[in-house]
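The primary structure of each chain is shown beneath.
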Amino acid sequence: PPPATKPQFFSQPRRRPADLALSSAALQLAIEANPRDAESYSQLGHNFASEDRHADAQRCFEAAVELSRGRDFAALVSLAEAQAAQRQHAAALVSLQAALELAPPPGPSAADERRAVRRREGLALLELERYEEAG
């Protein structure tokens, strides 16, 4: 039987290093041309995260959240992922809770996205040894 794959929230296909470098360079140019382009920051953050450059990813997602005035569900969730990857579980919990207050954008996957964020919230609570709140 084929090996089981681990499901990932907002998973992205693996890119070849040259594709990633080219994409990152183009995104950095887009940000230089328009420093208020939250989407380019988010995409660059995903590029950095795929290279395990979580501190750089965090800075990009923080910029995207700031530019959206805290109203970008996906950027908040991605920020939490970058924070959790660096074992910043308290900060990740704050980001996840902010995302849950917003709720995912309406659509067929909204309920699944909300459940995935609730699960991550529970994991952050467990990492912080807040067992009763984790359920």
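Report on the accompanying structure. Just so we're clear, the structure is a prediction, and the values are computed from it rather than from any experiment.

## Things to note about a nonpolar patch on the surface
So, step 1. Among the surface-exposed residues, L123, L126 and Y131 lie close enough to one another that they form a single nonpolar patch of about 290 Å² accessible area.
So, step 2. Along the chain, Y131 turns up in helix α7 (residues 131–134).

## Focus on the nonpolar core
So, step 1. With 28 residues, the main nonpolar core has Y41, L44 and V117 as its most contacted residues.
So, step 2. Among the elements of the structure, α1 (17–33), α2 (38–50), α3 (54–67), α4 (73–85), α5 (89–102) and α6 (110–127) are those that each provide at least two residues to this core.
So, step 3. Not counting the four nearest positions on each side in its chain, L44 is found in contact with S24, L27, Q28, I31 and C60.

## Things to note about the packing of α3 against α4
So, step 1. Interaxial distance between α3 and α4 falls to 9 Å at its minimum, and their mutual angle equals 155°. The orientation of α3 relative to α4 falls into the category roughly antiparallel. Crossing of α3 against α4: the hand is left-handed. Across the interface between the two elements, H54, A57, Q58, F61, E62, A64 and V65 of α3 pack against A75, L76, S78, L79, A82, Q83 and A85 of α4.

## What to know about the pattern of salt bridges
So, step 1. In the structure shown here, the tally under the stated rule is eight salt bridges.
So, step 2. Ionic pairing is found between R120 and E81, a salt bridge with its closest N-O pair at 3.5 Å. Of the two residues, R120 is situated in helix α6 and E81 in helix α4; the sequence distance between them amounts to 39 residues.
So, step 3. Residue classification places R120 among the partly exposed positions, given a relative accessible area of 25%.
So, step 4. Overall, E81 belongs to the partly exposed group, its relative accessible area being 24%.
So, step 5. Note that E127 is salt-bridged to R87, the shortest N-O span being 3.3 Å.

So, how was this worked out
Residues numbered from 1 in each chain as written. Predicted model: local features only at pLDDT ≥ 70, side-chain atom pairs only at ≥ 80, totals over all residues. Heavy atoms only, no water. Patch = residues over 30% accessible without salt bridge, like charges linked within 9 Å, V, L, I, M, F, W, Y side chains within 5 Å. Areas by Shrake-Rupley, 256 points an atom, 1.4 Å probe, with all protein chains shown as cover. Salt bridge = Lys/Arg side-chain N within 4 Å of Asp/Glu carboxyl O. Helix = DSSP H or I, 4+ residues; strand = E, 2+ residues; numbered from the N terminus. Core = buried A, V, L, I, M, F, W, Y, C linked by side-chain atoms within 4.5 Å. Buried < 20%, exposed > 50% of the residue type's maximum accessible area, 1.4 Å probe, protein only. Contact = heavy atoms within 4.5 Å. Axes fitted to C-alpha atoms, helices over the stretch in contact; angles between N-to-C directions. Parallel < 35°, antiparallel > 145°, perpendicular 65-115°, else oblique. Left-handed = near helix turned anticlockwise from the far one by under 90°.

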